[in-house]
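Analysis of the macromolecular model
The residues making up each chain are set out below.
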Amino acid sequence: MAELSGNLLYASFVLYLVGTFFFGGAIKDKKGETEKKQNKWAIIAIGLTILGFVAQVGYFITRWLASGHAPVSNLFEFTTFFGMMLIAAFILIYFIYKTPALGLFALPIALLIIAYASMFPREISPLIPALQSDWLHIHVTTAAAGQAVLSISFVAAILYLIKSVDQSKRNKKTFWLEVIMFTMVATLAFVIITSTFSALDYKANFTWMNKYNKEDVFEYHLPALIGPHEGVLLTEGKMKPFVEMPAIIDANKANTVVWSLFSGLILYGLLRLIFRRRVAAIFKPLVKNVNLDLVDEISYRSILIGFPIFTLGALIFAMIWAQIAWTRFWGWDPKEVWALITWLFYAAFLHLRLSRGWHGEKSAWLAVVGFAIIMFNLIVVNLILAGLHSYA
Amino acid sequence: MKEVVNCECGHVNPHGTILCESCGRVLDDAQKDSKMIDMRYEGSARRSQTYNKSIIDKIWNFFSSVKVGVSLIVILLIASSVGTIFPQEQYIPPTELPKVFYEKEYGFSGKLYYLLGFHNLYSSWWYLICIAMLGTSLLIASIDRVVPLYRSLKKQKIARHEGFLKKQRLFGITSTDKQASDFEEIKKSLESRRYKVKEENGNILAEKGRFSRWGPYVNHAGLIIFLIGGMLRFLPGMYVDEVLWLREGEMKEIPGTEGQYALKNNQFKVEVYDKEEDQTFSAAIDKVGTIVKNYQADVTLYEKEGNTLPGEDAKFQKIKDHSIKVNVPLKHDHFAFYQVDYKLDELSEMTFNLMNKSTKETFGTITISLDDPKTMYKLQNGYSVELMSYFPDFEFDENQEPVTKSPVPNNPAFIFNMKTPDKPEGEVSFVAIQQTLEPLGENTYKMAFAGVDTRNVTALTVRKDLTLWIFFVGGGIFMIGVIQGAYWNHRRIWIQRKDGEIWLAGHTNKNWHGLKRDISMVLEGTNITEPKDQLEAKEVGEKEK
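In short, a report on the structure. What you are looking at is a predicted structure, and each value in this text was computed from that prediction instead of being measured.

**Comments concerning the interface of chain B and chain A**
- Taken together, the contact pairs 62 residues of chain B with 63 residues of chain A.
- For the pair chain B and chain A, the summed buried surface comes to about 5,100 Å²; carbon and sulfur atoms form 65% of the total.
- Linking chain B with chain A are one salt bridge, by the criterion used here.
- One salt bridge connects lysine 287 of chain B with glutamate 123 of chain A, and the closest N-O pair in it is separated by 3.2 Å.
- Where chain B packs against chain A, one counts 17 residue pairs in polar contact (both at pLDDT 80 or more).

This is the structure in structure tokens:
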């Protein structure tokens with residue numbers, strides 16, 4: 001059952017990938033220019049997306065059957081589920097607005113998220129006592145669904161910005177748009193590097209002195225560019241680090257970050273060299289036919305749809321469960337605080353939009369910040385800010 | 001005398017009205033020349049936009065401003081994120097002093113964090129003031145808007161003023177003279193789309209989803225109730241938060257219940273997943289060693305019977321047995337008891353033999369209960385052991401005197417006086433774990449360690465929170481309001497006949513795509529042309545310039 005589950009996830013990944021190319025075809029086709037009629041490419045593309053979604057639901061169900069609990073209990077499972085919800089949200093929005101260009105960006109982002117998820121340990125693990133509750137299923141799935149719908153506003157915002165930002169001259173806007181592009185390229189680079197070295201089964205062990213001046217061990221899965229404090233390489237024939245970190249910094253994580261940034265820079269540099277343009281400018285022809293007002297509305301609409309779901313899942317259900325499991329509904333745990341920050345941010349977004357007329361480009365930049373906060377809560381809070389939610 | 005604004009249509013509007021509540025005519029000079037009118041709050045007379053003289057006006061205007069509200073949200077958002085950089089004081093190990101801990105763990109930045117008080121950020125006075133100000137802003141901003149908005153929407157007339165229609169975002173004129181039959185079709189089509197259609201002198205007002213306009217005010221009310229719940233926590237008697245450490249076999253009064261309840265720990269256990277039993281998880285278990293499956297305290301809850309006089313022992317009556325697990329608290333009478341911590345194998349009894357050091361002959365065994373030790377243990381044949389001192393959690397203080405750190409038997413030590421027929425005065429011996437001292441000279445006898453008994457201890461949180469229902473009500477109302485405001489839209493379509501022309505205007509508070517789709521479907525098959533989006537036209541015009 002566990003094997004079938006893994007294969008279904010793999011199948012969905014491939015289907016989304018193929019779907020992306022069909023969405024690419026859909027916007028190239030002249031018939032797709034008017035919104036109301038979908039061309040053949042678009043119909044095939046959305047069909048593949050739905051098929052991929054069904055396969056991923058299959059992965060979800062089979063893994064649930066294998067483990068006896070909903071597969072949302074560690075970082076791999078949660079992030080994969082988040083990717084699945086992103087696809088679901090996209091399908092929903094697609095049927096309201098019928099814009100293939102949205103798929104051309106939503107699918108690759110979902111693919112990146114699922115690929116990123118699979119860099120975490122994938123074993124089926126049993127539930128620790130704190131997670132043994134039906135609220136695990138209720139709270140985590142609703143919170144992920146809310147975040148996914150909110151993320152669609154980011155996808156639409158990217159479309160908006162790629163089209164609206166003037167690429168003929170360099171300015172703050174082109175810079176920040178490139179930062180977004182680079183972040184995605186670096187994520188891709190992280191996935192490539194991590195899976196390459198994991199396929200080679202790279203392991204290098206270090207002993208080092210931690211901040212309490214006690215000896216500790218690290219197992220590196222990437223060649224050490226950055227070594228731990230007073231680190232001694234134990235595994236023979238592996239690379240020695242160039243720089244040593246102070247004891248207060250987790251050198252293993254820092255090494256992964258440096259690898260991602262470097263390989264990201266190389267990949268990004270290659271793209272710039274080959275195309276002789278900014279990365280956002282490479283994508284610009286793809287959004288030629290996009291109606292800016294419509295994309296702006298999609299971005300706003302997905303926040304309107306996502307905000308109540310997020311509130312329900314990430315705050316209300318979360319509080320109910322926290323009262324049962326942790327004796328209090330609110331305890332200022334970092335994950336709780338970042339859920340509150342996400343909520344406050346989108347509340348500010350809605351007020352700015354309603355009353356102060358932040359439409360179009362301003363609103364698109366805000367949607368980007370909102371997504372950054374969601375990603376921060378998913379990645380940084382789990383991996384760096386220790387708290388009650390660090391399960392994986 | 002109360003100031004009023006008279007409109008040409010005869011309606012009397014309150015002072016400060018921008019668009020006539022009834023016919024929509026532009027009353028405010030500033031808006032007369034603009035191409036489109038500002039439809040927010042229907043151009044109604046908001047107190048904050050009308051008066052700005054007294055100090056009350058100024059305070060009111062400050063808190064009713066969305067700019068101020070959003071600023072407060074952003075301040076809270078940034079402050080909250082600062083509080084997550086390092087753990088808050090409540091999450092650092094309880095044995096650590098905050099003053100030392102932050103610097104030791106995080107270096108200089110940790111020290112600074114502590115000095116600025118960020119280790120208790122969420123209960124700091126300035127954070128609470130920001131929340132209180134946001135609450136005030138929620139209340140005042142809502143009242144400032146909801147009252148005039150309600151008036152305006154209630155008083156709106158079907159036939160609107162020309163200027164009102166012309167300056168809507170969606171507006172179009174179709175010149176024709178015989179469209180009577182179309183009107184009936186349009187009405188039917190609108191009704192089938194669940195619009196409420198009103199007609200007067202051949203003019204149509206189709207409206208739907210007006211209740212969504214109240215969504216923001218409903219959700220703000222929910223938030224205000226939620227914040228009130230937060231304040232009620234500080235009232236005495238509303239909130240109990242105590243910890244109860246309970247050993248196996250032990251029965252204690254429950255703190256926070258004023259002696260009304262007692263709890264007995266029958267057994268505490270920790271279970272782990274078994275690789276053989278749960279084959280699916282074997283890879284995951286191998287990776288980390290052990291994964292805990294269950295923390296469970298089997299307890300019995302007792303309630304005091306009747307009133308007891310001071311000094312008299314209370315009688316307790318059993319209420320129920322329960323297995324407290326994580327996620328399965330024991331609940332009774334507004335109280336809940338949660339499994340939060342534990343200690344395995346705490347020492348409960350120690351056994352010693354009185355032994356002659358040279359012959360190894362023993363003269364009896366004593367068992368000391370570490371919770372309730374006796375002072376004298378009589379043995380047979382004239383042998384006895386006096387327990388002169390007992391240190392449950394022993395250490396030497398700075399003067400090398402034995403002291404106890406706590407009343408918990410973590411590291412017990414004893415001073416015995418062994419009385420034997422040949423040493424009737426007794427020999428003094430100091431006995432700790434793996435350590436024996438003879439402070440008054442060489443002894444003939446010793447207390448030889450013979451064994452220990454242990455038990456498990458559970459830690460339970462005792463919680464009473466009478467404010468919970470308020471949070472629940474507040475949260476529920478917020479959800480209703482936010483859904484009401486987000487998932488429905490207030491759409492209006494005006495169709496009017498003017499001198500052989502048909503004027504059509506449309507307005508929605510959001511989701512213009514949906515309104516345009518509605519209009520184009522309604523107009524399909526009629527001779528009326530679709531209205532233009534004047535905002536788009538304006539933008540295109542600006543770009544061409």
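There's more to say after this.
**Some remarks on the sheet that holds strand E7 (residues 251-253) of chain B**
All names here are of chain B.
- Strand order in the open sheet made by the four strands is E7-E8-E9-E10, with antiparallel pairing throughout. Each edge of the open sheet carries a strand with a single partner, namely E7 and strand E10 (315-325). Neighbouring strand axes in the sheet, compared pairwise and without regard to direction, differ in orientation by 25 degrees on average.
- For E7 and strand E8 (residues 261-272), the ladder comprises three bridges, and the chain directions are antiparallel.

**A look at the packing of helix H1 (residues 2-28) of chain A against helix H3 (residues 75-97) of chain A**
Residue and element names in this part refer to chain A.
- Orientation of H1 relative to H3, taken along the N-to-C sense of each, is 35 degrees, at an axis distance of 13 Å. The element H1 and its partner H3 pack so that their crossing is left-handed. Contact residues: H1 offers Leu9, Tyr16 and Phe23, while H3 offers Phe76, Thr80, Ile87, Phe90 and Tyr94.
- Classifying every residue of the contact of H1 with H3 gives seven nonpolar, one polar and no charged.

**A word on H1 of chain A**
Residues and elements named next belong to chain A.
- Compared with the 39 Å implied by 1.5 Å per residue over 27 residues, the 40 Å span of H1 between its first and last C-alpha is a close match.
- Ser5, Leu9, Ser12, Leu15, Tyr16, Gly19, Thr20, Phe23, Gly24, Gly25, Ala26 and Ile27 are the residues of H1 that are buried.
- Check the buried side of H1 and you find it contacts helix H2 (40-67), H3 and helix H4 (100-117).

**Points about the sheet that holds strand E1 (residues 204-209) of chain A**
Residue and element names in this part refer to chain A.
- Spatially, E2-E1-E4 is the arrangement adopted by the three strands of the open sheet, whose pairing is antiparallel. The open sheet terminates on both sides in strands that have one partner only, identified here as strand E2 (215-220) and strand E4 (232-233).
- As paired strands, E1 and E4 are joined by two bridges and run antiparallel to one another. Opposite phenylalanine 206, over in E4, you have leucine 233 as the bridge partner.

**Section: the side chain of asparagine 203 of chain B**
- As for its position among the elements, asparagine 203 of chain B is in strand E5 (residues 203-208).
- Residues in contact with asparagine 203 of chain B, not counting those within four places in the same chain, are Ile158, Ala159, Lys198, Ile495, Gln496 and Arg497 of chain B.

**Some remarks on the nonpolar core**
Residues and elements named next belong to chain A.
- Among the nonpolar cores identified, the biggest contains 149 residues, and Phe90, Leu102 and Trp343 are the most heavily contacted of them.
- The element best represented in this core is helix H5 (residues 134-164), accounting for 18 residues.
- Setting aside residues no more than four positions away along its own chain, leucine 102 makes contact with Phe90, Ile93, Ile152, Val155, Ala156, Leu159 and Ile298.

**Quick notes on empty space enclosed by the protein**
Residues and elements named next belong to chain B.
- In this structure the tally under the stated criterion is two cavities of 30 Å³ or more.
- Each pocket or cavity is described by its volume, and for the second largest cavity that value is around 50 Å³.
- Lining the second largest cavity are Leu19, Cys20, Glu21, Gly24, Met39, Glu42, Ser152, Gln156, Arg160 and Phe164.
- Here the lining of the second largest cavity is built from residues that sort into four nonpolar, three polar and three charged.

The rules we used
- Residues numbered from 1 in each chain as written.
- Chains lettered and ligands numbered in written order.
- Predicted model: local features only at pLDDT ≥ 70, side-chain atom pairs only at ≥ 80, totals over all residues.
- Heavy atoms only, no water.
- Contact = heavy atoms within 4.5 Å.
- Buried area = accessible area lost by both parts, 1.4 Å probe.
- Salt bridge = Lys/Arg side-chain N within 4 Å of Asp/Glu carboxyl O.
- Polar contact = N/O pair within 3.5 Å; in protein donor to acceptor, adjacent residues only side chain to side chain.
- Pairing = 2+ DSSP bridges.
- Helix = DSSP H or I, 4+ residues; strand = E, 2+ residues; numbered from the N terminus.
- Axes fitted to C-alpha atoms, helices over the stretch in contact; angles between N-to-C directions.
- Left-handed = near helix turned anticlockwise from the far one by under 90°.
- Nonpolar A, V, L, I, M, F, W, Y, C, P; charged D, E, K, R; others polar.
- Expected span 1.5 Å × (residues − 1).
- Buried < 20%, exposed > 50% of the residue type's maximum accessible area, 1.4 Å probe, protein only.
- Core = buried A, V, L, I, M, F, W, Y, C linked by side-chain atoms within 4.5 Å.
- 1 Å grid on protein atoms, 1.4 Å probe; cavity = no way out; pocket = protein on both sides within 12 Å on 5 of 7 lines; lining within 4 Å.
- Points joined across faces, edges and corners; volume = space filled by probe spheres on them.

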